[in-house]
Amino acid sequence: MKRRIDSAFVPVFLLFALHSCSAFYLPGLAPVSFCEEGKGGDDCQVNIQLFVNRLDSVESVLPYEYDVFDFCKDAEEKRPSENLGQVLFGERIETSPYKFSFNKEVKCKPVCTRTYAKGNQDSIAKLDFLKKGMQLNYQHHWIIDNMPVTWCYEVEDSQKYCNPGFPIGCLVTPDGRAKDACVINAEFNKKNTFYIFNHVDIKITYHSGAQEGWRGARLVAATLEPKSIKHSDEKNPTCGEGPPMEIPGESDSDVAITYTYSVTFEENNSIKWASRWDYILVSMPHTNIQWFSIMNSLVIVLFLSGMVAMIMLRTLHKDIARYNQVDQVKMNITQEKMLHGDVFRPPRKGMLLSVFLGQGTQIFIMTFITLFLACLGFLSPANRGALMTCAVVLWVLLGTPAGYVSARLYKTFGGEKWKTNVLLTALLCPGIVFADFFLMNLILWVEGSSAAIPFGTLVAILALWFGISVPLTLVGAYFGFKKPAIEQPVRTNQIPRQIPEQSFFTKPIPGIIMGGILPFGCIFIQLFFILNSIWSHQMYYMFGFLFLVFIILLITCSEATILLCYFHLCAEDYHWWWRSFLTSGFTAVYLFIYAVHYFFSKLQIIGAASTILYFGYTMIMVLIFFLFTGTIGFFACFWFVNKIYSVVKVD
């Protein structure tokens, strides 16, 4: 905990840190130079490779690989190596048949033609799956030079929005309602008809190095415009103005789809390579809302800080001064009221509490380091999968603090079953998460989704858990049990005193429910953007804001728990161990309620599998957040109680 003199400096420091985070941005990869044909070399590439990623939808949690939809395939298909984070997120990147050279424009080049015969069951199944993809608004995700190929269009108030994906196609329902992208073209008007985007106009913007002192050019933007065109001549398509490519909802004839593309290049030296993601990020109007969220959270922090300062400076100071000045007779009476003989009485279920606190410490350190690195730009969107990889690796390596904290607290509680404590710390919470994750993976596997984790990756995760994390937890527990128990400032009486009748607000359940409201109020706006990035497939990049909200959450959980802990001690209720953990941990319950609200109000998810997956993964988030916030509240209250009873003269 900080001293009171630091509390006014904290917001100023955090705002400076946020500014530093946004200014100090490190791109994920080194720049690649491109040259025209005949001018290439080892330091300058000629060919531009377009990669395709999995397809996903806001109406379904199930992503699918590019090849599942029977699109044109690359004859020499290659898959770049993927890190652990990409595999866990279900990214499946592969080469595409869309190939072109730098600064060489392409006009309506055919890629392939897919024909679906009406009498062929295999063809009918493939066409039906393609229709299902259009009905659920599945989106392509293409990549050029590690950048998303975006579809930019105007939205309300003539604002430009750049979507890092574009739809397979769209549907006009049997009642004539144009769904999703079908609203962009008046020609998409035939009832019960699908319109597939079988042509793309790709535009690549580059920054020339002629005036910068380096060879070739660097790509700074890649955009496209999807179109639906019915090609009359498959071998020599014109891609001019023509009727859209229609697929009847109930087809009674063969369907042939010809895929084509055009490529143009544009030089723009005003865009630097290091800031080439900006045109995507700027189009997402989140900044004003984020600042509103920060100011809202800071008001809550200042309010709580004022309350804690008032208690520390006035009430508590006067109580202790009055207590220390009374004579021996009065002291005996006052001691009964000050609970010093019972306040450090070990809690019930101390084993479970110490295990939760060990795991919570592990999650807290992991979150802090991950967000700090993300704030510096090391885990930027350009470095795909780095965020999840970093979090998993840190969690594995931080088994030692978990074992140490759990063992030390369990010993302080007077526990003797040290073997059980070590095993539960290493296996309980990770086991619950893994079991949930494994069940979700089974559903993904049954549904044939690309997000299903391969068996080899599951074995690798288990190897990391049992081969590294568990031994490190044992090492931490060894040192924790070797250390003496934490010395309490006052002795505990042998006979516990009776707790007087409590008012409604000082009873355990109302206090715990109230305790989670203020911390949740600090994060709920940021939570909206995080859920959007997970379930609505929007890009999340404001790690500076997130790190600031993390610090505010840390302060708010601590201060709210200290306040309620003090009120309960004033009511002569000394059962604060579990209550301090559950008070701030209850924020996770509000997170779950918000996730339910988000599911029904913001998402259009349909299907039992997608619903089960949503709530299955949400429960993992809730458990991790429960341990994280509960640990913050416990240690804040532990420090507070130790502090106030260490300055009380008992003997």
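Residues numbered from 1 in each chain as written. Predicted model: local features only at pLDDT ≥ 70, side-chain atom pairs only at ≥ 80, totals over all residues. Heavy atoms only, no water.

**Comments concerning the state of the cysteines**
For step 1, the next point in the chain: Counting across every chain of the model gives five disulfides.
For step 2, the next point in the chain: Between the sulfur atoms of Cys-108 and its disulfide mate Cys-239 the distance is 1.7 Å. The S-S bond linking Cys-108 to Cys-239 shows a torsion near 70°; that makes this disulfide right-handed. Here Cys-108 is found in strand 5 (residues 106-116), whereas its partner Cys-239 is found in the loop between strand 15 (217-227) and strand 16 (246-248), with 131 residues between them in sequence.
For step 3, the next point in the chain: For Cys-239, a relative accessible area of 16% corresponds to the buried category.
For step 4, the next point in the chain: The thiol sulfur of Cys-522 is not disulfide-bonded, and the nearest other cysteine sulfur, from Cys-557, lies at 8.2 Å.
For step 5, the next point in the chain: Residue class for Cys-522 comes out buried when judged on its relative accessible area of 0%. (Disulfide = S-S within 2.5 Å. Helix = DSSP H or I, 4+ residues; strand = E, 2+ residues; numbered from the N terminus. Buried < 20%, exposed > 50% of the residue type's maximum accessible area, 1.4 Å probe, protein only.)

**Focus on helix 11 (residues 418-447)**
For step 1, the next point in the chain: In this model, helix 11 (30 residues) spans 43 Å end to end at C-alpha, consistent with the 44 Å of a helix rising 1.5 Å per residue.
For step 2, the next point in the chain: The sharpest bend along helix 11 reaches about 40° and sits at Leu-424.
For step 3, the next point in the chain: Listed in full, the buried residues belonging to helix 11 are Asn-421, Val-422, Thr-425, Ala-426, Cys-429, Pro-430, Phe-434, Asp-436, Phe-437, Met-440, Asn-441 and Leu-444.
For step 4, the next point in the chain: Immediately beyond the C-terminal end of helix 11, within one or two residues, lies Gly-448, with a positive phi of roughly 75°. (Expected span 1.5 Å × (residues − 1). Bend = angle between axes of the 7 residues up to and from the residue.)

**Focus: the sheet that holds strand 16**
The pairing of strands in a sheet comes from backbone hydrogen bonds and takes either a parallel or an antiparallel form.
For step 1, the next point in the chain: Pairing within the open sheet is antiparallel, and its three strands lie in the order 12-13-16. On the outer flanks of this sheet lie strand 12 (169-172) and strand 16, each paired with one strand and no other. Ignoring strand direction, the axes of neighbouring strands in this sheet form an average angle of 25°.
For step 2, the next point in the chain: Along the sheet, helix 4 (residues 121-135) contacts strand 12, strand 13 (193-196) and strand 16; its crossing angle with strand 13, the most-contacted strand, is approximately 85°. (Pairing = 2+ DSSP bridges. Axes fitted to C-alpha atoms, helices over the stretch in contact; angles between N-to-C directions. Contact = heavy atoms within 4.5 Å.)

**Topic: the sheet that holds strand 14 (residues 199-208)**
For step 1, the next point in the chain: A sheet is described by the order of its strands in space; here four strands give the open sequence 5-17-14-15, paired in mixed fashion. Two strands in the sheet have a free side with no partner beyond their single neighbour: strand 5 and strand 15. The sheet shows a mean angle of 20° between the axes of neighbouring strands, direction not considered.
For step 2, the next point in the chain: In the sheet, strand 14 pairs with strand 17 (residues 255-267) via eight bridges, with the strands oriented parallel. Note on strand 17: the bridge partner recorded for Ile-204 is Phe-265.
For step 3, the next point in the chain: Along the sheet, helix 4 contacts strand 5 and strand 17; its crossing angle with strand 5, the most-contacted strand, is approximately 125°.

**A word on the environment of Phe-592**
For step 1, the next point in the chain: With respect to the secondary-structure elements, Phe-592 resides in helix 17 (residues 587-601).
For step 2, the next point in the chain: By relative accessible area, Phe-592 is classed as partly exposed at 29%.
For step 3, the next point in the chain: Between the C-alpha atoms of Phe-592 and Met-621, which are 29 residues apart in sequence, the distance is 8.7 Å.
For step 4, the next point in the chain: In this structure Phe-592 touches Phe-615, Thr-618, Met-619 and Val-622, once residues within four positions along its chain are discounted.

**A short note on the pattern of salt bridges**
As a working rule, side chains carrying opposite charge can pair if their charged atoms are close by.
For step 1, the next point in the chain: Overall, the coordinates contain 13 salt bridges when judged by the stated rule.
For step 2, the next point in the chain: A salt bridge links Asp-122 to Lys-126; its shortest N-O distance comes to 3.5 Å. Of the two residues, Asp-122 and Lys-126 both sit in helix 4, four residues apart, roughly one turn of that helix.
For step 3, the next point in the chain: Given the relative accessible area of 47%, Asp-122 is considered partly exposed.
For step 4, the next point in the chain: Lys-126 gets classed as partly exposed once you look at its relative accessible area, which sits at 35%.
For step 5, the next point in the chain: Across the pair Arg-276 and Asp-145 runs a salt bridge whose closest N-O atoms are separated by 2.9 Å. (Salt bridge = Lys/Arg side-chain N within 4 Å of Asp/Glu carboxyl O.)

**Points about the nonpolar core**
For step 1, the next point in the chain: Ranked by internal contacts, the top residues of the largest apolar core, which has 158 residues, are Phe-100, Leu-130 and Trp-142.
For step 2, the next point in the chain: Apart from the residues lying within four places of it in its own chain, the contact partners of Trp-142 are Leu-50, Phe-51, Val-52, Tyr-66, Tyr-98, Met-147, Pro-148, Val-149, Phe-166, Val-200, Ile-202 and Leu-224.
For step 3, the next point in the chain: Core analysis: the second largest hydrophobic core is formed by six residues, Tyr-410, Val-422, Ala-477 and Phe-481 among them. (Core = buried A, V, L, I, M, F, W, Y, C linked by side-chain atoms within 4.5 Å.)

**Some remarks on the environment of Phe-481**
For step 1, the next point in the chain: Here Phe-481 is to be found in helix 12 (residues 455-482).
For step 2, the next point in the chain: We classify Phe-481 as buried; its relative accessible area is 18%.
For step 3, the next point in the chain: When residues no more than four places from it in sequence are discounted, the contact partners of Phe-481 are Ala-407, Tyr-410, Lys-411, Trp-418, Asn-421 and Val-422.

**As for the confidence of the model for the chain**
For step 1, the next point in the chain: Per-residue pLDDT for the chain averages 82, and the proportion of residues at 70 or more is 86%.
For step 2, the next point in the chain: For residues 327-337, every residue scores under 50 in pLDDT, and the model assigns this stretch eleven contacts once sequence neighbours within four places are set aside. (pLDDT = per-residue confidence, 0-100.)

**Focus on the packing of helix 8 (residues 350-376) against helix 16 (residues 577-585)**
For step 1, the next point in the chain: One can describe the packing of helix 8 onto helix 16 by two numbers: an axis separation of 11 Å at closest approach and a directional angle of 40°. Judged by the inter-axis angle, helix 8 sits oblique to helix 16. Here helix 8 and helix 16 pass one another in a crossing that is left-handed. On helix 16, the residues touching Leu-352, Leu-353, Phe-356 and Leu-357 of helix 8 are Trp-577, Trp-578 and Phe-581.
For step 2, the next point in the chain: Considering only residue class, the contact of helix 8 with helix 16 consists of seven nonpolar, no polar and no charged. (Parallel < 35°, antiparallel > 145°, perpendicular 65-115°, else oblique. Left-handed = near helix turned anticlockwise from the far one by under 90°. Nonpolar A, V, L, I, M, F, W, Y, C, P; charged D, E, K, R; others polar.)

**Digging into the packing of helix 17 against helix 18 (residues 608-646)**
For step 1, the next point in the chain: Between helix 17 and helix 18, whose axes approach to 9 Å, the crossing angle comes to 160°. For the element pair helix 17 / helix 18, the angle class is roughly antiparallel. Judged by the sense of rotation from one axis to the other, the crossing of helix 17 with helix 18 is right-handed. Contact with helix 17, carried on its side by Thr-587, Ala-588, Leu-591, Phe-592, Ala-595, Val-596, Tyr-598 and Phe-599, involves Thr-611, Tyr-614, Phe-615, Thr-618, Met-619, Val-622, Phe-625 and Phe-626 of helix 18 and no other residues of that element.
For step 2, the next point in the chain: A class-by-class count of the residues in the contact of helix 17 with helix 18 yields 13 nonpolar, three polar and no charged.

**Here's the deal with the pairing of strand 3 (residues 60-64)**
The side chains of a regular strand alternate between the sheet's two faces.
For step 1, the next point in the chain: Of all five residues in strand 3, five are buried; the element is thus mostly enclosed.
For step 2, the next point in the chain: Taken together, the two bridges between strand 2 (residues 55-57) and strand 3 define a ladder with antiparallel strand orientation. Paired with Ser-57 across the two strands is Ser-60, which belongs to strand 3.
For step 3, the next point in the chain: Following strand 2, the chain reverses through two residues before pairing antiparallel with strand 3.

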